[in-house]
Structure formats: structure tokens, C-alpha cells
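# Remarks on the overall topology
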Amino acid sequence: MEKLKSGEGGLGAAEAKERLQKYGPNEITEKKTSELVKFLGYFWGPIPWMIEIAAVLSAVLQRWDDFAIILALLLLNVTVGFWQEHKADNAIELLKQKLALKARVLRDSKWLEVSAGEIVPGDVIRLRLGDIFPADVKLTAGDYLLVDESALTGESLPVEKHVADVAYSGSVIRQGEMDALVVATGMNTFFGRTAKLVEEAKTRSHFQKAVIKIGDYLIVFALILVAFTFLVVLFRHESLLEFFQFALVLLVAAIPAALPAVLSVSMAVGAITLAGDGAIVSKLAAVEEMAGMDILCSDKTGTITKNELVLTEINPFQDFSENDVLLFASLASREEDGDPIDDAILAGTKTLQGFSGLAGSYRVLSFKPFDPVSKRTEATVEDSAGNRFLVTKGAPQAVSALLDGEVATDSKVTVEGEDTPESRVEEFVDEFASRGYRALGVGKTDARGNWHFAGLLALYDPPREDSAETIRTAQAMGVDVKMITGDHLAIAKEISRQVNLKPDIMLATSFLDLPDRKAEEIVEAADGFAQVFPEHKYHIVELLQHRGHIIGMTGDGVNDAPALKKADAGIAVAGATDAARSAADIVLTKPGLSVIVNALKESRKIFQRMNNYALYRITETNRVLLFITLSILVFKFYPVTSLMIVLLALLNDAPIMTIAYDNVKYSDLPEKWDMRTLMSMATLLGVVGVISSFGILYIGLHVFQLSHEVLQSFIYLKLSVAGHLTIFVARTKGYFWSVKPAKPLFAAVIVTQLIATLITVYGFLLPAMGWKLALFVWGYSLTAFVITDFIKVRAYSLLNHTGIKFHV
């Protein structure tokens, strides 16, 4: 590695900028497919492939007009698909940039938080519990780090690192806190040089699988009809070449061409909306899973409460004064770490007159940061006379354990008498907890190295103003909110009372040693858990999933990562560690439960859009394929040409992509695919559409007595207009006017149907039929649309679908 030096105050801003230009941004660059290659790739999908064969058959039959038109429509289809994916990819890339790692770096003698991409070799950075190493570094100051290098080496056990050791980009800090000198960034890191980047395996959610099954059903249905028609054509000795061309474009009409685009655009639009609300989606499938989430396991601190700790009370023990307790606690704190507990203590010292002068007479020689195992911080301090002693602050039981000899230490142990305040620590803690206060123990060693319990600090983290109302909203949406906290049981019960949660809060130990079935019943029935360790969270999620629930889990610490990954929707709260953010599906940039509830609403809206699209697509396939097939089999008549089917497929699929922006109502219950209702409604609406199509065919043949060519244009316009009106039937459970359509969707429908009308009226591409017939088709289609909509509402009522309420 290149030898680099950095001054005591870190790099200057100008020098850092020069090095950034020299070494480049600190990022692992992936070899990306060029836009041209992506565009050309669209010509090889199953849908373009079928259109291409249809174009070839047109050339073989020497129908050059059809050949040119089908080729032009192929280019249109490819361009639209490419553009929609390009927009979705750009949206996701912007979200990924918002999730970029941050780093604390020393610049011009000041600690700053910058994007990890701005780090350069020679920077001094601070590394803490839960951080992901943003670059290759050489450790320069501090006691030790416990580092998880499994992503690089495959070794599951953490590795201990000390001063002068090298640590690599991508590793996770499990314990400790140190300063380090950056020695390599970006592609020059160990990870950048050796790791072969592969595309992350994309797993399909329940939601995606259901939609793809619908697509498979449509294709199989079309293949069955085409095969049956083929047998009839063979029996009648009709032109096979002409049939194959027709069959191919019929399959084009049946295949849900807009399915991938609607999925990706809907997810991207939803993700952008969520980002604006303070929830950045790192895995799009989580948005879909949240639609079905029925239990939310929520952290108390920072989610239900403000995570703004305030020092409210000091309870000294023995001969220690309140000032002594606060002094020792401040010496065991670090302002630059930005820890909420440290900030509350240091803020408390600023309210005392003359305290800064008192604290200035002490010097901190070494500092051990908080870790989840010891549950305390510790500092070695020297006073103005040169006397050295230790101070500690942390969980009261952890400080008490120092007195009882339960924690390994080099110091001697003093066991206090039974009547001393220290023997009643639990009593004081319970009294604080009953008022919703968190107790923090403070200890100090004497001249002989014996530990003494100096006193307790009471810290209060008040509930957020919107927590109670937000919890009520979540419960009204069918989501059971369970509070999960590491705090004392009494604190959990008091906070739950203040935010209108049920009071049945249990200790995590209540289910740990029980058989799974009994444990599942306890966890399912409980309203929350107190004194929970991070490993308990994973078990809680696992037990609830065994009961068939879709689980959302919030977390912020490095040890929360397994539970966040296990949950169906892992949510890293605002201020979470890098490790938690990396494991989560959704990362919150704003505190509070309201962000999660907004994500719930948005995910259910996305589900509704996709459900509406599925209903529309199945209905249209049933309507068009059954009508055309029955016309050929029964009347020996091709109601539309192959070119008309291609036009129908493309003009109707292009605007359906705007359904991603449509106004919808979200359900007040967790969403799941109701295939019975979906298939029943699609079949009913499809059959109604077939009947109306045969009705206008009869009118064209026997009332208007149209020629064969004009009749086909007549039928084409009816199929096109009625097809898009089906969107407005499918998008609501009530009458079509109950929810106003979004402007992009409405405008897309109007524009495409005006194009279809003008094509048939003036004979561009198709035989001309004039305005009178076109206006009749519109009037007939609108009448059929209104009748179909009334039938739909009645059918939903019969299917007992009206038991579920929907909200804007």
C-alpha cells in the first residue's frame, strides 16, 4: 500500500479536493451495459420475437404495407419498453445515492460527516460500533475493534484489530471504537481489486409471483384457443401461412406486454413517493411485502419516542453529591460521538454554573466505548494532582455487577452492606421506570481501585406527539403494533399507556425456553416485549412468521441486522448504523412511526394498481380472444386483420403504463391476492364484452350492411375503444365515478383512442369508414361501458367484496 501521512488536524479541504481528483471517488465501479446494447436487447424478448416473425410472414405473403407497419410498430414497442425501464433504473439509482454510506472524517482539525464517496487516501476517520469500513484503513488510535470480515474472507468469527493493524473496506465493526488513516479507496481497495462483482440475485416476492402466474395463465389460454383454431383450419383446408401470421399476432395480443414495465414503473414511482416521505427503499420487493404486513414490531426509542433524551433527575449514593455523579458521567462520555445519552449528560452539565471549570481539572487518558456485551462505557481519568481513577456509566445492573464481582475487572471489589442504597438499586430503577424514566448507573473507583456506585441518572425520552394517533391509524389498517424495547418493563408499560398501546407487555424471557408452539402463542398474544436483547428480535420474527404473519421489524443497531434480514419488511430507523441500513429493506430518514404508516398506505396503493391492471388484462384477453376465436369457428369470419390486432395490442398497452400514476384507494386490511374474486370478475367482464362485441358485429352485418373491409375497421374501433373503457371499469370496486382517474392515465386513454378513431375514419393504415360509423361505435361502447360497470358493482356485492372498506 502507498505510504500516506496526515497531519494531526487531518487533511485540509484543498488537499482533500486534490486527492479526490487524483485517486477518484471512493466507489466500486461496476461494468455497466451500454444503453445501445440494452436497447438492442429489447429486440430479442418473446413479444418482439413474435412480432418479428409476423413481419417476416407478411414479407413472404408479399403484403409489404403490413410488413412496413408491423416493423414500425415493433420499433415503437421496443422504444417504449426501453424508455420505461431507463426511467425506472434512473429512479432506483437516485435512491441508491441517497443510501450512500456516511463517514466521520477529520478535516482542518474539525470532525465532519461526509459521504463515503468523498473520502481520500490520507484522511483520518472515526470508526464506531455498527459502521461499515468505507475504505481500506490503518488503525491509528483507540483500544481495539472487533471486526466482521465474513463478506471478504467467509470467516464467520469476528477478528480483533488493534493500533497499526489494517482493516478492509466492506467489513463491519461489531465492537469498539478507533481512529484510522485511510490508505486505499474505491477500486484500489482489497475488495475493489479482488471481488468480482456479480448482479445480485433477484428473488421474486409473493406479489410478483402472483402477477407472473396471471401472465402464464393468459399465454396458456391463448395457446389453447390458437391450437383449437388450428385444427379447425386444417379441417377446412384453409391457408396455413395466413393462419400462422394471424395466430402469431393473436398471441401478441394475449401476452401481457406491459407487465414488466407496469411492475418496474409502479415500484419505482412508489419508491420515489416514499423517498419524499422519508423512507428510502433499498429492495423494491419490500414495498410489495409491506402491502400484506399485518404485524409491525416497532422499536420504542426513536420510533415511538423522540429519541431526545433529557436529564431529569440525579440520585446520588453514599457521600457523593449530585455534581459528583454528573461529573463522573460526563467524564465517561464523548461529545464528538453524537451519542444521545452522552449528549443528554453533557447538555445537563451546561446548565450548572462553574461546572466547565471543575471538569477542566480532569484529563481523560483512555476511553472504552459502549458495547452491547458490557452495556457500559469506561474511562481512565487523571486529576490535577496526578491521581488516576476509573469512571463508568451504563445499565444499572452492569454497574452493580462491578460491585458484586460479577464482571471481570482488574480492580478490586467492594461488597456493600445490605442496607446501603446500592443494595436497593432495583427499587430506585423501578421507581424511575414507573414514571417512564430510564435509569443510568454511574460508578467510580477509589484510590485502592475499589468500585463504588456513585448514583443514578434519570433520563426521559418522551413519546412523539404523533405516535398515539399514528398507532391508532396503523391498527385501523389491520396492523398489530408490538413495541419491542431493551428498556425496563415498567418503562415499556408506561410508554405504551401514553401512546394507547395495550398494556400486555412481557419480558423476553417469558418465551425463550418454551416449546415453539407455546412460544408462538405467547408472542402472538403479547402487545410487546421489554428487556429484549437483539438476538431475541430474530426469534420473535421467526415465531410470528411460523404463525403465518407478514412481519415488519424496525431496528437500528448492528445486532439488529439478522432480525431485519429475517423480517418480510426490515426497516432501519433514522440514525441507524451502517450495518442495520445495509440489512434493511427500507431505510427511514425521518424519525417516527408516521413514516412507516405512510409506507404502508403507499404499498397498498401499489398493490391496488397492480390488482387493477391484472383485472383489466385478464378481462381484455378473455374478451378479444374469445370473440375472435368464436367468430372464426362459428361464422368462418376474421373480424379483424393481423395488423389490427398488432395496433390493438400496442395502442392499448402503451397508455396502461400510466396506471402506475393512477389515483387509487388503499384497503383498510393487509392485502393478499384474492384469486377467486379476480378470476370471477375477469371472466364475467370478459363474457359481457364478448356479448357486446357480437352485438355490434350483428349491427354492422345486418343493419348497416357494411362491406367486409369496412366491417373489420368498424369492429377494430369497437374493440379498441371498449378495451380502454375497461380500464375505468377495472380500476374501482364501486361505480366508475367513485375515484377520479389520474390525469396521465385519462390523457393517455383519450389520446390513443383519438388516434385509433382517426385511423379508421380517414383510412390511414386501415379501410376508411367515416365519422358517422365512428361516432356510433363510441356511443355503443359508452353505453356498454355503463351497463358493464353496473354489472361489476352488483357482482362485487354478490362476491361479498364490499365487506372491505377502501380509503383515498
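Notes on the structure follow. (Residues numbered from 1 in each chain as written. Predicted model: local features only at pLDDT ≥ 70, side-chain atom pairs only at ≥ 80, totals over all residues. Heavy atoms only, no water.)

## Comments concerning the packing of helix 27 (residues 743-762) against helix 28 (residues 770-798)
Quick reminder of the rule: Only the stretch in contact is used when a helix axis is fitted, and all axes are lines through C-alpha atoms; the angle between N-to-C directions ranges over 0 to 180 degrees. The way it works is that DSSP assigns letters per residue, a run of H or I at least four long becomes a helix, a run of E at least two long becomes a strand, and they are numbered from the N terminus. Handedness of a crossing follows from how the near helix is turned relative to the far one, being left-handed for an anticlockwise turn of less than a right angle and right-handed for a clockwise one. A contact between two residues is defined here by any heavy atoms of the two lying within 4.5 Å. Gly counts as polar in this scheme, as do all residues outside two lists: the nonpolar Ala, Val, Leu, Ile, Met, Phe, Trp, Tyr, Cys and Pro, and the charged Asp, Glu, Lys and Arg.
It is at 8 Å that the axes of helix 27 and helix 28 come closest, and there the two elements cross at 140°. At the point where helix 27 passes helix 28, the crossing takes the right-handed sense. Facing Q753, T757, L758, T760, V761 and Y762 of helix 27, the residues of helix 28 in contact are G770, W771, A774 and W778. For the contact of helix 27 with helix 28, the class distribution of residues is six nonpolar, four polar and no charged.

## Description of the sheet that holds strand 10 (residues 310-316)
Defined as follows: Note on pairing: DSSP must find at least two bridges between two strands before they are called paired.
The antiparallel open sheet is built from six strands, whose spatial order is 10-15-14-13-12-11. Edge positions in the sheet fall to strand 10 and strand 11 (363-368), since each of these pairs with one other strand and no more. Averaged over all pairs of adjacent strands, the angle between their axes in this sheet comes to 25°, without regard to strand direction. Of the strands in this sheet, strand 10, strand 14 (437-445) and strand 15 (451-460) touch helix 16 (residues 425-434), which is tilted by about 10° from strand 15.

## Structural notes on the packing of aromatic side chains
Rule in force here: Between rings of Phe, Tyr and Trp, where Trp is taken as its six-membered ring, a pair exists when centres lie within 6.5 Å; planes separated by under 30 degrees are stacked, by over 60 edge-to-face, and by other angles tilted. Whether a residue is buried, partly exposed or exposed follows from its accessible area with a 1.4 Å probe, protein chains only, as a fraction of its type maximum: under 20%, in between, or over 50%, in that order. Geometrically, a lysine NZ or arginine CZ counts as sitting over a ring once it is within 6 Å of the ring centre and also within 35 degrees of the ring normal.
In this structure the tally under the stated criterion is 19 aromatic pairs. For the ring pair F320 and F328, a centre distance of 5.8 Å and an interplane angle of 85° mean the geometry is edge-to-face. Take F320 and F328: they sit in the same class, and that class is buried. Ring geometry for F627 and F694: centres 4.9 Å apart, planes at 70°, overall edge-to-face. With F627 in helix 23 (residues 594-635) and F694 in helix 25 (residues 675-703), this residue pair connects regions lying 67 residues apart in the sequence. Of the residues examined, F627 reaches a relative accessible area of 0% and is grouped as buried. The structure contains a cluster of three or more aromatic residues connected by ring pairs, namely Y735, F736, W737, F785 and F790. Taking NZ or CZ as reference, R126 lies 4.7 Å from the ring centre of W111, over its face. Its end group placed over the ring of F389, K444 keeps NZ or CZ at 4.6 Å from the ring centre.

## Remarks on the packing of helix 16 against helix 18 (residues 489-498)
So the rule is basically this: When an angle is under 35 degrees it counts as roughly parallel; over 145 it counts as roughly antiparallel; between 65 and 115 it counts as roughly perpendicular; any other value is oblique.
Remark: helix 16 packs on helix 18, axes separated minimally by 7 Å, with the N-to-C direction vectors making an angle of 10°. Considering the angle they form, helix 16 stands roughly parallel to helix 18. Along its contact with helix 16, which presents D430, A433 and S434, the element helix 18 presents A490, I491 and E494. The residue inventory of the contact of helix 16 with helix 18, partitioned by class, reads three nonpolar, one polar and two charged.

## Some details on the side chain of R604
For clarity, the cut-off: His is not counted, nor are the chain ends, whereas Lys and Arg count as positive and Asp and Glu as negative. Salt bridges, as used here, are contacts in which a Lys or Arg side-chain nitrogen is within 4 Å of a carboxyl oxygen on Asp or Glu.
Note on placement: R604 falls in helix 23. Despite its burial, R604 remains without a salt bridge, the nearest opposite charge being carried by E671 at 6.2 Å. Those residues in contact with R604, other than ones at most four positions away along the chain, are A291, M293, M477, V479, Y666, S667, D668, L669, P670 and E671.

## A look at the environment of M644
With respect to the helices and strands, the residue M644 is situated in helix 24 (residues 642-656). M644 sits 122 residues away from L766 along the chain, and the two C-alpha atoms are 8.0 Å apart. Beyond its immediate sequence surroundings of up to four residues, M644 is in contact with Q712, S713, Y716, L766 and P767.

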